[in-house]
Amino acid sequence: MSKPSTILVTGGAGYIGSHTCVELLEQNYELVVVDNLSNSCEYALDRVDKIAGRKLDYIWADVTDCNAMESVLENFNVEAVIHFAALKAVGESVRNPLKYYENNMAGTLSVLKAMAKHNVKKFIFSSSATVYGNTAQMPLTEDSPLGPINPYGKTKLMVETMLHDLYASDPTWNITILRYFNPAGAHKTGLIGEDPNDTPNNLVPIITRIAGGRMDELMVYGDDYPTPDGTGVRDYIHVTDLALGHVAALKKMTEPGVHIFNLGTGRGYSVMDVIKAFEKASSKKIPYKIVKRREGDAPTSYADASKAKRELDWQTKFGIEEMCSTAWQWQKKNPLGFKRPQ
Ligand code: NAD
Ligand code: WQD
């Protein structure tokens, strides 16, 4: 019997990957996840199975291990790869750039080499709004100037460049680059959510932990930006909307090429807006203090996501209220993240 056509999801045990696996399973895709659990744990995949009511295949492997990637492609009939596996902490990437270049560049290279060898040429890449340079011109379109300023962001742009060169050398590749804005929130069941192995660096997981009593106080990085209330403005996107963006992209992979899409809501919220929305959703007070700006932070960043709407038939359904309420539900149901399985 021939093996069923399967989507390989690297980094599928992580925050965005696990939510995407749920949506793919619910739309009847067969999945194999490869993850080395460097920033996740296997319980996340048990929860994915539980939500979707069926099981995915999971292989522990490091994506930098090309032989391991080849063996996955030998054992499964992979039709397309969604490549989430990467390290993503901006500050750590500044302190330890080689770790980031190795993991994010060598990891992607090894996946692409194994794919080329096995003639699998559909690739969806997790890029980031961080590839855009600091510009005052908002909203950001896919053609806005590029210029990441930290090693993490540079790995994303370098991979994008590599993907353009790959397609130029072999125009049978079908590559989609998704530039995410600021993912937030959790699955509506409260069974999966964001659970980094280290202390979180991003605003919503930090606020979530403060509300849950796991951290004390939020440092608000600057209130002197040229924004309505002086705090930084970002385009927060619900992780389920983002996951559905991947399903939409996969369905539209009909034409070879390099297709680039912003995935955001098109709307910006300030740090103070997020604090207020979270306080409302959780009925908890979020203690905060204003400190100096964080180096490298842009005052404002939000997407023009009209290309994704036009070409992928995709648009966001959830707003900041659902991002905060689902993040809070995830925290309440899982006070220590996945560490204590239900
Ligand atoms: P995450 O850390 O929760 O998930 C990444 C997963 O990849 C983890 O499960 C980790 O264990 C795995 N992984 C890392 N290196 C690996 C390796 N060498 N081999 C195998 N597995 C490995 O992060 P996330 O928030 O889910 O992000 C997913 C992707 O989206 C990443 O590429 C990230 O750079 C990108 N992205 C994230 C954000 C964000 O704010 N969360 C924004 C834009 C882009
Ligand atoms: C959001 C706002 C902060 C923490 C980062 C990466 C980007 C992408 C998404 C992966 C800003 C403020 C934050 C805190 C604060 N990730 N803030 N106190 O910096 O927009 O983007 O995550 O690709 O590459 O750079 O997100 O959540 O860190 O910050 O005041 O403790 O919250 O200054 O205005 P950012 P963030």
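Residues numbered from 1 in each chain as written. Chains lettered and ligands numbered in written order. Predicted model: local features only at pLDDT ≥ 70, side-chain atom pairs only at ≥ 80, totals over all residues. Heavy atoms only, no water.

J.: I would appreciate a short explanation of helix H9 (residues 271-282) in the present structure.
T.: Helical geometry note: an α-helix holds 3.6 residues per turn, so side chains three or four residues apart project in the same direction. In this model H9 runs 16 Å from its N-terminal to its C-terminal C-alpha over twelve residues, within 8% of the 16 Å that 1.5 Å per residue would give. Looking one or two residues beyond H9, the residue adopting positive phi is Ser 283, at roughly 55°. (Helix = DSSP H or I, 4+ residues; strand = E, 2+ residues; numbered from the N terminus. Expected span 1.5 Å × (residues − 1).)

J.: What am I meant to see in the site of ligand 1 here?
T.: With respect to spatial proximity, 27 residues lie near ligand 1, and among them Asp 35, Asn 39, Ser 40, Phe 84 and Tyr 152 are the closest. In this structure, Asn 39 approaches ligand 1 through a side-chain N or O atom, which is 2.7 Å from an oxygen atom. The fraction of the free accessible surface of ligand 1 (820 Å²) that becomes covered by protein chains is 96%. For the shell around ligand 1, the elements supplying multiple residues, two or more each, are helix H1 (15-26), strand S5 (122-128) and helix H6 (151-169). The element that contributes the greatest number of residues to the shell around ligand 1 is S5, accounting for three residues. A per-class count over the shell around ligand 1 returns 13 nonpolar, ten polar and four charged. (Near = heavy atom within 4 Å. Polar contact = N/O pair within 3.5 Å; in protein donor to acceptor, adjacent residues only side chain to side chain. Areas by Shrake-Rupley, 256 points an atom, 1.4 Å probe, with all protein chains shown as cover. Nonpolar A, V, L, I, M, F, W, Y, C, P; charged D, E, K, R; others polar.)

J.: Even after reading the chapter, I still don't get the sheet that holds strand S3 (residues 57-60), so can you show me in this structure?
T.: Whenever strands of a sheet pair, they do so through backbone hydrogen bonds, lying parallel or antiparallel. Taking strand neighbours across the sheet as the criterion, the seven strands line up as S3-S2-S1-S4-S5-S6-S11 in an open arrangement whose pairing is parallel. Lying at the two open borders of the sheet, with one neighbouring strand each, are S3 and strand S11 (257-263). Between one strand axis and the next, the sheet turns through 20° on average, direction left out of account. Here S5 runs beside strand S6 (residues 174-180); their pairing, made up of seven bridges, is parallel. Its bridge partner being in S6, Ser 127 is matched across the sheet by Arg 179. (Pairing = 2+ DSSP bridges. Axes fitted to C-alpha atoms, helices over the stretch in contact; angles between N-to-C directions.)

J.: What is the right way to look at the pattern of salt bridges in this model?
T.: Charged atoms that come close allow side chains of opposite charge to pair. Tallying each qualifying case throughout the model produces 15 salt bridges. Across the salt bridge formed by Glu 217 and Lys 289, the nearest N and O atoms sit 3.9 Å from each other. Here Glu 217, found in the loop between helix H7 (203-211) and strand S8 (218-221), pairs with Lys 289, found in strand S13 (residues 288-291); they are 72 residues apart in sequence, far enough to count as distant. The exposure class assigned to Glu 217 is partly exposed, which follows from its relative accessible area of 33%. The salt bridge involving Asp 297 is made with Arg 294; its shortest N-O contact spans 3.1 Å. Salt bridges sharing partners connect three or more residues here, namely Asp 195, Arg 209 and Lys 339. (Salt bridge = Lys/Arg side-chain N within 4 Å of Asp/Glu carboxyl O. Buried < 20%, exposed > 50% of the residue type's maximum accessible area, 1.4 Å probe, protein only.)

J.: What is the right way to read empty space enclosed by the protein from this model?
T.: Take a probe with the size of a water molecule and roll it over the atoms, and the empty space left behind shows itself. Tallied over the entire structure, the rule returns two cavities of 30 Å³ or more. Going through the elements one at a time, H7 and helix H11 (320-333) are the ones with two or more residues in the lining of the largest cavity. Ranked by the residues each element gives to the lining of the largest cavity, the list is headed by H7, at four residues. Taken together, the residues of the lining of the largest cavity break down into eight nonpolar, three polar and three charged. (1 Å grid on protein atoms, 1.4 Å probe; cavity = no way out; pocket = protein on both sides within 12 Å on 5 of 7 lines; lining within 4 Å. Points joined across faces, edges and corners; volume = space filled by probe spheres on them.)

J.: Help me out: how do you make sense of the site of ligand 2 in this one?
T.: Taken together, 19 residues are adjacent to ligand 2, and Tyr 152, Leu 203, Met 219, Arg 234 and Asp 297 come closest. Between ligand 2 and the protein, one listed contact pairs an oxygen atom with a backbone N or O atom of Leu 203 at 2.8 Å. One of the backbone nitrogen or oxygen atoms of Met 219 is found 2.6 Å away from a nitrogen atom of ligand 2. Protein chains bury 88% of the 680 Å² of accessible surface belonging to ligand 2 in isolation. For the shell around ligand 2, the secondary-structure elements that each account for two or more residues are H7 and S8. Considering each element in turn, the shell around ligand 2 owes the most residues, four residues, to S8. A per-class count over the shell around ligand 2 returns ten nonpolar, six polar and three charged.

J.: It is not clear to me how the sheet that holds strand S12 (residues 269-270) should be interpreted in this structure. Could you clarify?
T.: Here three strands make up an open sheet; going across it, the order is S12-S9-S14 and the pairing mixed. Of all strands in the sheet, those with a lone pairing partner are S12 and strand S14 (300-301), marking the two edges. Of the strand pairs in this sheet, strand S9 (residues 233-234) and S12 are connected by two bridges, and their pairing is antiparallel. Across the sheet, residue Arg 234 finds its bridge partner in S12, namely Tyr 269.

J.: Is there a simple way to think about H6 in this case?
T.: With 19 residues, H6 should reach 27 Å at 1.5 Å per residue; the first-to-last C-alpha distance of 27 Å fits that figure. Along H6, the residues classified as buried are Pro 151, Tyr 152, Gly 153, Thr 155, Lys 156, Val 159, Glu 160, Met 162 and Leu 163. Check the buried side of H6 and you find it contacts helix H4 (90-95), helix H5 (97-117), S5, S6 and S11. (Contact = heavy atoms within 4.5 Å.)

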